[in-house]
Every structure is written in structure tokens, then in C-alpha cells.
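Survey of secondary and tertiary structure
Listed below are the residues making up each chain.
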Amino acid sequence: MFKLNLKIIFNINILIINRMWEEFFDDKIKKINTIKTDWTINDFEKSKFLGKGAYGSVDLYIEKATGLEYAIKTITITDKIIDDPSIVFTELLNQIVVSGHPNICSIVGTFRDGNNLMCVQDMCGSNMFGIDFTKIPTKVKVKWMTELLSAVAHCHKLGI
Amino acid sequence: MGNCLITSDGTLKLTDFGFSANVDNVPKKILGTPNYIAPEIYSSKRVSSAADVWACGVFFVFMFQPAIFLQGKKTTLSLLMKEVVNHIVDIDDIHAVPDLYKPIVLELLAYHRLFRISAKDALIKFKEAEAIDGSVKKADMNVALNTIKKSVKSA
């Protein structure tokens, strides 16, 4: 009896995830022409771990066909996300909307791998933790600041 | 800081969106980088575009003086929140920033969100100041890129 119950709960979860995926993926993402949606996990080879975010990890992958490097974020769909999908999907949609600006790390594509949502991003480089800023010339700091403000102004213009 | 990436040619790129608008995440961020949270978020949890401008201002100051105005004073979360809410940034707090940029930084870090400059206007002012100061030379950029390479290796 217990086993049967577990099975039912598990199936319902899968159904919810499938429904959520259809709602999000087919209704919203597939309408955006700039995003590639027909990738699968087999098109990529995992290279190394890059970092950990609030809802999943980011790894460096290499596309087998082209040899290009991509940073792919893996978001595992958990109960928390099923309860409130907007916490992940709003962020993703926001980033897709502002993609294309030279100072914003853009999303190239997204696909589903089992219960994981995979976001393919441009490989942007290293983050700024641990940099010795005393050795960086002032003019470079100002250049970075204008680039940051330009990205932020772009987001604000688009209401994000 | 974690949201800014530097590419191999020295361009800054912004990443990781949406969490700033999530009020649930605020306490976590207070622990990590207290100064990046604008005072109005501590006092009223009001998130707006002005809070992003505040974070940009702190980012700029951080590049010149890693110990920003409140670091090292934090004891408990509630005390820290009180300190940020009661603190109005003045010219002594940003002593390491070059004089040319001090007035703009003060506008970015204006205490009340309604008096804070918009990102667009700040960008224009920064570009004007940059024009006076002269733009980046290749040698400067190479120095910066080498510094980044070293820090990546040591990490």
C-alpha cells in the first residue's frame, strides 16, 4: 500500500513538471527567435565546474559539433520551484529579454534534461573575487564602471 | 561582485538576474556583502531601480578601497542594519576615490532613493569625466589582464 502511494505521488510530480515545462517552454521560450531550443545534453561534453548558484551549479561545457565553450547552468526542478515556478523562470526570462547588450552575459539557448532545466550562456570569463584592485589602473576601473552602468541602464530601460 | 565577469579582452559583463528583486534573499546578502544593499531595503524592503544604482556606486568605491565604509564594524545582523540605515555617506567615506569622480559617487550613494541619480545620467557623467581623464590605453589594459590572470592562478 505504502509503495503504491509513493508511486502515485512520484507520478503526479512528474506530471506537474511536464505541465510546467510545456507552459514555460512551449508558450514562452519557443516564441523567442534568438534562443536555440533544440539542443540536448548529448550535444555537449562537460569540461569543468565553474560555480554554484542559488538554484543549481554552473559548469563549463564544450559543444561537440563546433568545439565552442559554453557556461551551462543546471537548475534542478525541486518541490520549492514547483510551488513557485516564478522564482526561477522570471529570472531566466528577464535575462533573455536583456540579452544582446555587449555588457550583459547573454543566454544562447535552453533545453530540458530530465528534471533539470539547462540554460546555455556565453562563456564570459572570470569573476572579480580575489582580484588585487590596487594593481589595476584607475582608467580601467572607470572603463569597467561605465560598462556596468551601461548594462544597468539597459536593464532599467527595459523595465527589469 | 560575483555578478560581474571580466572577459579575456577586459570587458565587463553582467550576469545572474532576478535575485535582487527577491526580498527573501536579502538577509543572505546582508551577511555576505552588507554595503551593496541600499539603506531603504533595510528599512522598508522597498526594492527599486535606485537600489541597483546604489550597488553600482559601492562597486566603484570597492575597487579603490576594499574596506568600504562599514566593513569591520559589523557585529550582529540587527546592529549592522541599524548602522547602514543611520549612515549617510559623505566625502570622508570615499577618500580613496579620485577627486574627479567623487561628486558622481556621492550622487550614486545618495541616502534617499528619490535623490539618487539614475543609471543613465550616471553613465553620461562618467563618460564626461572619462573624456577629461583620457580613455584606456592598451598598456593599462594589459596590466589589468595580467593581474586578473595571476589572481585566477592563485585561486
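Description of the overall build of chain A
In terms of helices and strands, chain A carries 4 helices and 6 strands. Structurally, chain A occupies a C-alpha span of about 70 × 35 × 30 Å along its principal axes. Buried positions account for 29% of the 160 residues belonging to chain A. Intrachain contacts of chain A at a sequence separation of at least 6 include 49% that bridge at least 24 residues.

Overview of the overall build of chain B
Helices and strands together make up the secondary structure of chain B, namely 7 helices and 2 strands. Scanning chain B from its N terminus toward the C terminus, one meets helices and strands in the order β-β-α-α-α-α-α-α-α. Classification of the 155 residues of chain B by burial places 30% in the buried group. Long-range contacts, defined as pairs at least 24 residues apart, comprise 54% of the intrachain contacts of chain B with a sequence gap of at least 6.

As for the interface of chain A and chain B
Where interface size is given, it is often the accessible area lost as the parts come together that is meant. Facing the 41 residues of chain A at the interface are 43 residues of chain B. Counting residues per element, the ones that place at least two in the side of chain A that touches chain B are α3 (86–98), β6 (126–127) and α4 (138–157) of chain A. When residues of the side of chain A that touches chain B are assigned to their parent elements, the largest contribution, 17 residues, is made by α4 of chain A. When its residues are assigned to classes, the side of chain A that touches chain B shows 21 nonpolar, 13 polar and 7 charged.

Comments concerning the pairing of strand β3 (residues 69–76) of chain A
Residue and element names in this part refer to chain A. Bridge count for strand β2 (residues 56–63) against β3 is 7 bridges, and the pairing is antiparallel. Along β3, the bridge assignment pairs I62 with E69. Where β3 and strand β5 (residues 116–122) come together, 7 bridges link them in antiparallel fashion. Each bridged residue has a counterpart across the sheet, and for Y70 the counterpart in β5 is D122.

Considering the environment of D93 of chain B
Examined against the element boundaries, D93 of chain B turns out to sit in the loop between α4 (77–86) and α5 (102–108). C-alpha of D93 of chain B to C-alpha of T11 of chain B: the two residues are 82 residues apart in sequence and 28 Å apart in space.

Quick look at the packing of α4 of chain A against helix α6 (residues 119–133) of chain B
The geometry of α4 of chain A relative to α6 of chain B is characterised by a closest axis approach of 9 Å and an angle of 155° between their N-to-C directions. With respect to α6 of chain B, the element α4 of chain A is oriented roughly antiparallel. Here α4 of chain A and α6 of chain B pass one another in a crossing that is left-handed. Across the interface between the two elements, K139, V142, M145, T146, L149, S150, V152, A153 and H156 of chain A of α4 of chain A pack against A119, K120, A122, L123, F126, K127, E130 and D133 of chain B of α6 of chain B. Class assignment of the residues belonging to the contact of α4 of chain A with α6 of chain B gives a composition of 9 nonpolar, 3 polar and 5 charged.

Focus on the sheet that holds β3 of chain A
Residue and element names in this part refer to chain A. On the basis of which strands lie adjacent, the open sheet formed by 5 strands has the order β1-β2-β3-β5-β4 and antiparallel pairing. With partners counted over all chains shown, the strands left at the sheet margins are β1 (44–52) and β4 (107–113), one partner each. Here the average twist between neighbouring strands, direction ignored, is 30°. Looking at chain direction, β1 and β2 are connected through 7 bridges and run antiparallel. Among the inter-strand pairings, F49 is bridged to a residue of β2, identified as D59.

Describing α3 of chain A
Residue and element names in this part refer to chain A. Given a rise of 1.5 Å per residue, 13 residues ought to cover 18 Å, and the 17 Å separating the end C-alpha atoms of α3 matches this to within 8%. Taken residue by residue, α3 has V88, F89, E91, L92, Q95, I96 and V98 as its buried positions. Following α3 by one or two positions, G100 has its phi on the positive side, about 110°.

Section: the confidence of the model for chain A
In the predicted model, chain A carries a mean pLDDT of 83, and 92% of its residues have values of at least 70. Per-element confidence in chain A ranges from a low mean pLDDT of 69 for helix α1 (residues 2–26) of chain A to a high of 92 for α4 of chain A.

Focus: the environment of V88 of chain A
Residue and element names in this part refer to chain A. One can find V88 in helix α3. According to the C-beta neighbour criterion, V88 is buried, with 21 such atoms within 10 Å. Residues V88 and K139, 51 residues apart in the sequence, show an inter-C-alpha distance of 37 Å. In this view, V88 contacts Y55, I75 and I81; residues no more than four positions away in its chain are not counted.

As for the packing of α4 of chain A against helix α3 (residues 49–64) of chain B
At a minimum axis separation of 10 Å, α4 of chain A and α3 of chain B run at an interaxial angle of 170°. Between α4 of chain A and α3 of chain B, the interaxial angle falls into the category roughly antiparallel. Contacts from K141, M145, L148, L149, V152 and H156 of chain A of α4 of chain A reach α3 of chain B at S49, D52, C56, F59, F60 and M63 of chain B. Residues of the contact of α4 of chain A with α3 of chain B, tallied by class, amount to 8 nonpolar, 2 polar and 2 charged.

What counts, and where the lines are drawn
- Residues numbered from 1 in each chain as written.
- Chains lettered and ligands numbered in written order.
- Predicted model: local features only at pLDDT ≥ 70, side-chain atom pairs only at ≥ 80, totals over all residues.
- Helix = DSSP H or I, 4+ residues; strand = E, 2+ residues; numbered from the N terminus.
- Buried ≥ 20, exposed ≤ 12 C-beta atoms within 10 Å, placed from the backbone.
- Contact = placed C-beta atoms within 7 Å.
- Nonpolar A, V, L, I, M, F, W, Y, C, P; charged D, E, K, R; others polar.
- Pairing = 2+ DSSP bridges.
- Axes fitted to C-alpha atoms, helices over the stretch in contact; angles between N-to-C directions.
- Parallel < 35°, antiparallel > 145°, perpendicular 65-115°, else oblique.
- Left-handed = near helix turned anticlockwise from the far one by under 90°.
- Expected span 1.5 Å × (residues − 1).
- pLDDT = per-residue confidence, 0-100.

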